[in-house]
Amino acid sequence: MKKLLCLILVAVFACTALASCNKFAEKSAAEGALTYIGLRINPEIEMVTNEEGVVVSANAVNEDGEVVLSTVELEGKTAEEAVVDFTETAVDLGYMDPDAGKDTVYVDVNGENTEVVEKVEKTISDKLMKFFERKGIAGKVSKEVLDSYIAKADEWNVAPGHAKMIARVLEANPELTYDELLDLTVRELIELLKTDKHEDKVAANLKDEYKDKIEAIKEKYAELFELREAIDEIEDDLEDAREADEDDDDDKLTEEEIAALEAELEEKKAALKALEEEFKAEIEAIKAEYKEFSKDAREECRKEAEERKQAKKDGKHFDDDDDDDDDDDDDDDDDDRDDRDDRDDDDDKNENKRPDRDDDDDDDDDDDDDDRRHHNKGENKPADAPVKPEAPVAPEAPAVDPAA
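Numbering of residues starts from 1 in every chain and runs along the sequence as written. Residues qualify for local features only when their pLDDT is at least 70, as the model is predicted, and side-chain atom pairs are given and counted only at 80 or more; totals for whole chains, interfaces and linings, by contrast, use all residues. Computation of side-chain values covers all heavy atoms of the structure but excludes hydrogens and water.

### Here's the deal with helix α3 (residues 79–92)
Inclusion rule: Strands are runs of DSSP state E lasting at least 2 residues, helices are runs of H or I lasting at least 4, and numbering of each runs from the N terminus. Expected helix span is taken as 1.5 Å per residue step, with the number of steps being one fewer than the number of residues. Summary of the burial criterion: residues with accessible area below 20% of their type's maximum are buried, those above 50% are exposed, and those between are partly exposed, where the area comes from a 1.4 Å probe applied to protein chains only.
End to end, α3 covers 20 Å across 14 residues, agreeing with the expected 20 Å (1.5 Å per residue, within 8%). Along α3, the residues classified as buried are A79, A82, V83, V84, F86, T87, T89, A90 and V91. The first or second residue beyond α3 is G94, which carries a positive phi of 85°.

Structure below.
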């Protein structure tokens with residue numbers, strides 16, 4: 001009887017656990033588990049996949065990433081397909097040397113489910129290595145190093161991967177502040193990264209300029225951020241006051257004090273709302289402006305992609321530094337001109353020195369003239385008359401050989 005009872009209890013616990021797992025799975029599916037995938041060669045992009053492992057968002061992190069994404073569509077593909085397509089396009093555009101053996105694809109995967117993250121990392125790494133083997137490419141795959149985010153992670157008291165998500169969201173949405181993002185989960189941060197499609201985002205090569213514009217607006221509306229902090233403090237004070245015990249004199253407030261705080265809170269909230277509307281309008285105007293600029297920027301990236309393809313087809317290396325070389329040539333020309341100018345200056349200096357020697361020669365000539373005048377004294381000729389040159393002496397006749 002006891003044995004049967006034990007079996008029944010085990011069955012009940014098993015069913016309960018299974019039901020809990022099913023509920024968790026249903027909740028995750030309903031919420032739509034998201035995974036962040038970062039890829040970096042020199043072109044760098046980031047993707048977001050849904051619970052089915054399909055790419056729902058792809059965004060360029062740098063200008064080279066923009067060039068790659070201008071020629072390949074990743075959204076709608078599985079993560080494995082997208083990773084291979086990105087890498088193959090980077091090879092086609094000359095960003096990787098198939099024979100060099102020194103190119104590495106760095107992979108960074110982030111999400112709320114550690115088990116899923118590890119599985120995606122392994123799947124992507126295996127898929128890329130098989131691609132390299134199939135294509136005969138001496139490439140490598142490595143997990144992305146997050147050392148550059150450790151300082152921020154310590155400052156924000158989060159994991160380096162979480163710190164990277166905050167930093168990436170701030171880079172994509174500079175109108176936000178890290179205070180607004182600090183309490184968000186990794187999934188919520190990833191959700192912010194996938195909100196807009198690639199073509200609707202500011203081009204990577206315009207992000208610095210765009211960020212400067214946004215920062216200028218944020219400085220203009222510094223009062224807005226000060227109001228937010230003041231409102232948070234008043235709300236904390238009110239919460240402490242309402243939860244204070246009767247005997248806690250430190251946090252206990254009178255009814256009049258509470259009413260005053262509530263009135264001040266409403267006043268600041270009204271002021272904040274008006275400022276936020278103005279702030280949002282200016283931000284949206286800048287966004288719209290730079291989205292238009294991004295169309296031209298992406299067209300330039302498409303042109304560069306075509307040039308890269310043609311260069312590889314012709315067996316040439318696409319040189320990103322052509323303009324720099326031209327600048328260097330111009331600098332060399334300027335240096336040559338400077339050298340010529342220096343030589344000319346030296347010649348001028350030498351010319352300026354010559355008159356001193358000429359003056360000395362003139363003085364010697366004057367002395368010779370005086371000597372000749374004294375020598376010809378008594379002759380009826382002007383003192384300054386030129387001296388008649390002496391007649392040339394005829395050469396001696398050759399001696400005659402008597403034997404001839």
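### Here's the deal with the environment of V141
Which entries qualify depends on this criterion: Whether two residues are in contact is decided by their heavy atoms: any pair within 4.5 Å suffices.
Here V141 shows up in strand β5 (residues 140–143). For the pair V141 and M129, spaced twelve residues apart in the sequence, the C-alpha separation amounts to 7.1 Å. The contact partners of V141, leaving out residues within four places of it in the chain, are T104, V105, V107, S125, L128, M129 and F132.

### Quick look at the packing of aromatic side chains
As a reminder of what qualifies: Only centres within 6.5 Å qualify two rings of Phe, Tyr or Trp (six-membered ring in Trp) as a pair; their planes then separate them into stacked at under 30 degrees, edge-to-face at over 60, and tilted for everything else. Charge over a ring is defined by NZ of Lys or CZ of Arg lying within 6 Å of the ring centre and within 35 degrees of the ring normal.
In the structure shown here, the tally under the stated rule is six aromatic pairs. Relative to F132, the ring of F131 has its centre 5.7 Å away and its plane inclined at 50°; by these criteria the two rings are tilted. For the pair formed by F131 and F132, the shared burial category is buried. Look at Y221 and F279: their rings are 5.6 Å apart centre to centre, the planes differ by 70°, and that puts the pair in the edge-to-face class. Of this pair, Y221 sits in the loop between α9 (207–220) and α10 (222–243) while F279 sits in helix α11 (residues 255–313), and the two are 58 residues apart along the sequence. For the residue pair Y221 and F279, the accessibility class agrees, reading buried in each case. Of the aromatic side chains, those joined through ring pairs into one cluster are Y210, Y290 and F293. One residue, R40, lies across the ring of Y106, its end atom 4.3 Å from the ring centre. Directly above the ring of Y95 sits R308, whose terminal nitrogen or CZ lies 3.9 Å from the centroid.

### Things to note about the pattern of salt bridges
Basically, it comes down to this: Salt bridge, as used here: a side-chain nitrogen of Lys or Arg that lies within 4 Å of a carboxyl oxygen of Asp or Glu.
Applying the stated criterion across every chain yields a total of 21 salt bridges. Close ionic contact of E282 with K220 constitutes a salt bridge, the shortest N to O distance being 2.7 Å. Residue E282 is found in helix α11, and its partner K220 is found in helix α9; the two are separated by 62 residues along the sequence. By relative accessible area, which is 24% here, E282 ends up partly exposed. Of the residues examined, K220 reaches a relative accessible area of 54% and is grouped as exposed. In the salt-bridge network here, residues are joined through shared partners; they are E46, R168 and E171.

### A closer look at the nonpolar core
Stated precisely, the cut-off is as follows: Residues grouped as a nonpolar core are buried Ala, Val, Leu, Ile, Met, Phe, Trp, Tyr and Cys residues, joined through side-chain atoms within 4.5 Å.
Grouped together as the largest cluster of nonpolar side chains are 36 residues, with contacts concentrated most on L39, M47, L74, V105 and I124. Broken down by secondary-structure element, the contributors of at least two residues to this core are β1 (35–40), β2 (44–49), β3 (55–60), α2 (63–69), α3, β4 (104–110), α4 (114–135) and α11. A total of seven residues in this core trace back to one element, the largest contributor, which is α3. Not counting residues up to four positions away in its chain, the partners in contact with L74 are I45, M47, V55, A58, L69, A82, D85 and F86. A203, I258, L275 and I283 belong to the second largest nonpolar core, which has 24 residues in total.

Worth remembering: the numbers are spatial, not functional.
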